Amino acid sequence: MGYTHHKDNTQRKLWVEIDQKALVANIHLLKKTFKTTAIMAIVKSNAYGHGLVEVCQILFDLQLPWYGICDYDEAQVLCDLGCPGKILVLGPLHPAELSDIAHHIPKATVCLSSEDLIDAWLALKQPQQAFIKCDTGMSRLGISPHRFQTVLQKIKASPHRSLIRGIMTHYANTPSPPDHPDLPIKKQLAIYKTCISQYLSQGFTMDLCHGGASHPALLYKKARGDIVRLGGPIYGFFSTAESQRRLPDLHLQPVLSWKTRIVQIKDLHKGAQVGYGSTYTAKEDITMAVLPLGYWHGYFRKMGSNQESYVLIDDHKCPIIGSVSMTMMTVKLPRKSGFFIGQEVILLGKSPHHCLSATVLAGWQETIPYEITTSIHPSIKRIVV
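Residues numbered from 1 in each chain as written. Predicted model: local features only at pLDDT ≥ 70, side-chain atom pairs only at ≥ 80, totals over all residues. Heavy atoms only, no water.

Peer 1: Got a minute to help me understand the pairing of strand β9 (residues 256–261) in this structure?
Peer 2: Remark: a regular strand shows side chains that alternate across the two faces of the sheet. The buried fraction of β9 is high, at six of six residues. Side chains of β9 alternate between two faces, with Leu 256, Trp 258 and Thr 260 and Ser 257, Lys 259 and Arg 261 buried alike. In the sheet, β9 pairs with strand β17 (residues 344–350) via four bridges, with the strands oriented antiparallel. By the bridge assignment for β17, Lys 259 is matched with Ile 346. (Buried < 20%, exposed > 50% of the residue type's maximum accessible area, 1.4 Å probe, protein only. Helix = DSSP H or I, 4+ residues; strand = E, 2+ residues; numbered from the N terminus. Pairing = 2+ DSSP bridges.)

The structure is reproduced here in structure tokens:
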């Protein structure tokens, strides 16, 4: 059987759409939720895969005071775009990077999260403003509690002490025991409170303190501090199932849709095998479509072996069959006519009666929505709609 080519078959075969209205709506909703607490938009890692430039060009009009990024390169992008807010480089940073940031992006504030980093910062002639990060239980970045007092004394003796804006931490969001759901965060809050007391007792000025990323900031008012650092909620998803369960009235809107087009349609007879390893065998005569993407583009190879996984074509759930390969994947089409080469396929997003959210795909992969969106290859065009 032959299949016609759609008149728009020359359009791009793979793209991401960023819903501007959804992004703006999420920000307005979060501003109402946090009221007087300042919001820091976390736009690191290509804005969680949504497109750093595209997302920031929308956010810059919303009067957010802070933007959180990971490294020098991202800070430079925000600076080149004319970021109207303050930029916090969250790291991890190599001590040598502090000099580059101080010279080329003096607007940026850095996070001093190790003693080596603090020594490098103290050695600069003209360092940038900074926060001291204390480790309250993440055991990743941050000054250990037993060393915090010593580090403060070292900074106190430096002429750069006035450039310290305050202190910060990061809560681990560890799985909570069912009978004591708030126990992990309470332990970290207690350690952070001690660090704050030590900081103030050394005579430092506390312009700002912050520790709450998305999950703790939404669930625990005491964890918010002066700034809440929000990532997932800005883009329309919760960082954990616990957050979503405990906040049923916070109606966030997914911002990202990922789409492609059918590049080939093929009829297969019963018994035909599909893909590397022949992992799928047709139990009947079927019609199959080839899609021009695979794990190189960020669509997980494991999806091909998950019986739940599907894409949306013409509002139909079309199961993924065979292995997802490097640049191609295959799906089973319903036994109906009307499909065509060049037809739009939704990999992530909504059709009239179905929704393939990052949370749904994360469930198939036994991971979190963050991994789904950040895995989408940066070279794929992001289009604001």
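Peer 1: When you look at the environment of Tyr 72 in this model, what are you seeing that I'm missing?
Peer 2: In this structure, Tyr 72 sits in helix α4 (residues 72–80). Residues Tyr 72 and Leu 98, spaced 26 residues apart in sequence, show a C-alpha to C-alpha distance of 8.8 Å. Non-local contacts of Tyr 72, meaning those with residues more than four positions away in its chain, are made with Glu 97, Asp 100, Ile 101, His 104 and Ile 105. (Contact = heavy atoms within 4.5 Å.)

Peer 1: Mind showing me how you'd approach unusual backbone geometry here?
Peer 2: One can expect most non-glycine residues to show negative phi and most peptide bonds to be in trans. Residue Pro 92 is bonded to the preceding Gly 91 through a cis peptide linkage, with omega at 15°. Tracing the backbone through its elements, the reader meets Pro 92 in the loop between β4 (86–89) and α5 (95–104). You will see that Asn 46, though not glycine, has its phi angle at about 60°, which is positive. With respect to the helices and strands, Asn 46 occurs in helix α2 (residues 44–48). In this structure, Gln 63 takes a positive phi of about 60° despite not being glycine. By the secondary structure assignment, Gln 63 is in the loop between α3 (52–59) and β3 (66–69).

Peer 1: When you look at the packing of aromatic side chains in this model, what are you seeing that I'm missing?
Peer 2: Ring pairs (aromatic) are described by centroid distance and by the angle formed between their planes. All told, the structure shown has nine aromatic pairs when counted by the stated rule. Considering the side-chain rings of Tyr 171 and Tyr 192, the 6.4 Å spacing of their centres and the 80° angle between planes classify their relative orientation as edge-to-face. With Tyr 171 in the loop between β7 (164–168) and α8 (183–201) and Tyr 192 in helix α8, the pair connects residues that are 21 residues apart, well separated along the chain. Between Trp 258 and Tyr 299, the ring centres sit 5.9 Å apart and the planes meet at 50°, which makes this aromatic pair tilted. Taken together, the positions of Trp 258 in strand β9 and Tyr 299 in the loop between β13 (286–291) and β14 (310–313) put the pair 41 residues apart, joining distant regions of the chain. A network of ring pairs unites the aromatic residues Tyr 48, Tyr 235, Phe 237 and Tyr 370 as a single cluster. Between the NZ or CZ atom of Arg 161 and the centre of the ring of Phe 204, over which it lies, the distance is 4.8 Å. The lysine or arginine in question, Lys 336, covers the ring of Phe 339, its NZ or CZ lying 4.6 Å from the ring centre. (Phe/Tyr/Trp six-rings, centres within 6.5 Å; stacked < 30°, edge-to-face > 60°. Lys NZ or Arg CZ within 6 Å of the ring centre and 35° of its normal.)

Peer 1: Just to check I follow, could you spell out the nonpolar core for this structure?
Peer 2: Soluble globular proteins tend to pack their nonpolar side chains together in the buried interior. Among the nonpolar cores identified, the biggest contains 120 residues, and Val 43, Leu 59, Leu 78, Trp 258, Tyr 299 and Val 311 are the most heavily contacted of them. Excluding residues that lie within four positions of it along the chain, Leu 78 makes contacts with Val 43, Leu 52, Cys 56, Phe 60, Tyr 67, Ile 69, Cys 83 and Ile 87. Listed in part, the eight residues of the second largest apolar core include Leu 268, Val 274, Tyr 280 and Ala 282. (Core = buried A, V, L, I, M, F, W, Y, C linked by side-chain atoms within 4.5 Å.)

Peer 1: What is the right way to read helix α7 (residues 145–156) from this model?
Peer 2: In an α-helix, one turn spans 3.6 residues; hence positions three or four apart end up facing the same way. With 12 residues, α7 ought to run about 16 Å at 1.5 Å a step, and its terminal C-alpha atoms sit 17 Å apart, in line with that. Contacts from the buried residues of α7 go to α6 (115–123), β6 (130–133), β7 and α8. (Expected span 1.5 Å × (residues − 1).)

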